[in-house]
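Geometric and topological summary
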Amino acid sequence: MSGSPPERMPARDRDRRRVRMMPGGPVLVEGPVEVVLEDGSTTVSDRWLVALCTCRRSRSYPFCDTSHRRRVRTAPDTDQGTDPGTAQDTGQAPAG
């Protein structure tokens with residue numbers, strides 16, 4: 001039932017779990033875990049550390065697949081005919 005409090009876990013399963021909030025990223029939970037979703041369905045992971053998605057971009061939601069990271073596309077090398085000895089290195093990334 002949506003909106004109702006979660007069921008109480010048996011005493012043996014109530015061991016404290018460490019949860020780490022990652023700025024701009026997932027919530028890291030020491031596993032194993034059972035995740036209860038908004039619709040009441042559950043999913044489990046037996047991994048020792050579980051990354052839970054907070055951005056909702058993950059294709060494997062509720063687990064993080066790093067979709068929150070910006071994807072930086074590198075420009076194709078357009079200086080193919082340039083002599084490497086004459087190219088100037090400004091120490092800055094190309095604008096674009």
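Reading guide: rules and limits
- Residues numbered from 1 in each chain as written.
- Predicted model: local features only at pLDDT ≥ 70, side-chain atom pairs only at ≥ 80, totals over all residues.
- Heavy atoms only, no water.
- Helix = DSSP H or I, 4+ residues; strand = E, 2+ residues; numbered from the N terminus.
- Buried < 20%, exposed > 50% of the residue type's maximum accessible area, 1.4 Å probe, protein only.
- Contact = heavy atoms within 4.5 Å.
- Salt bridge = Lys/Arg side-chain N within 4 Å of Asp/Glu carboxyl O.
- Core = buried A, V, L, I, M, F, W, Y, C linked by side-chain atoms within 4.5 Å.
- Pairing = 2+ DSSP bridges.
- Axes fitted to C-alpha atoms, helices over the stretch in contact; angles between N-to-C directions.

**A closer look at the overall build of the protein chain**
- Of the regular secondary structure elements, the protein chain holds 0 helices and 5 strands.
- Ordering the α and β elements of the protein chain from the N terminus gives β-β-β-β-β.
- The buried share of the protein chain, reckoned over its 96 residues, is 18%.
- Expressed as a percentage of contacts within the protein chain between residues at least 6 apart in sequence, the contacts between residues at least 24 apart total 20%.

**Details of the environment of Pro62**
- Summarising the element assignment, Pro62 is placed in the segment after strand 5 (49-52).
- Overall, the relative accessible area of 7% leaves Pro62 in the buried class.
- For Pro62 and Ala51, which are 11 residues apart along the polypeptide, the C-alpha to C-alpha distance reads 8.6 Å.
- Look past the residues within four positions of Pro62 in its chain and what remains in contact with it is Val35, Leu37, Thr43, Ala51, Leu52 and Cys53.

**A few points about the pattern of salt bridges**
- Enumeration over the complete set of coordinates arrives at 2 salt bridges.
- The closest approach of N and O atoms between Arg18 and Glu30, which form a salt bridge, is 3.8 Å. Taken together, the positions of Arg18 in the segment before strand 1 (19-21) and Glu30 in strand 2 (residues 27-30) put the pair 12 residues apart, joining distant regions of the chain.
- Overall, the relative accessible area of 53% leaves Arg18 in the exposed class.
- Since its relative accessible area comes to 31%, Glu30 is described here as partly exposed.

**Some points on the nonpolar core**
- In this structure, Val27, Val29, Val33, Val35, Val50, Leu52 and Phe63 together form the largest nonpolar core, which totals 7 residues.
- For this core, the elements supplying multiple residues, two or more each, are strand 2, strand 3 (33-36) and strand 5.

**Thoughts on the sheet that holds strand 1**
- Taken together, 3 strands build an open sheet; the order of strands is 1-2-5 and the sheet is antiparallel. The sheet terminates laterally at strand 1 and strand 5, the two strands that pair on one side only. Recorded for the sheet is a direction-independent mean angle of 20° between the axes of neighbouring strands.
- Inspection of the sheet shows strand 2 paired to strand 5 by 4 bridges, in the antiparallel sense. Note on strand 5: the bridge partner recorded for Val29 is Val50.

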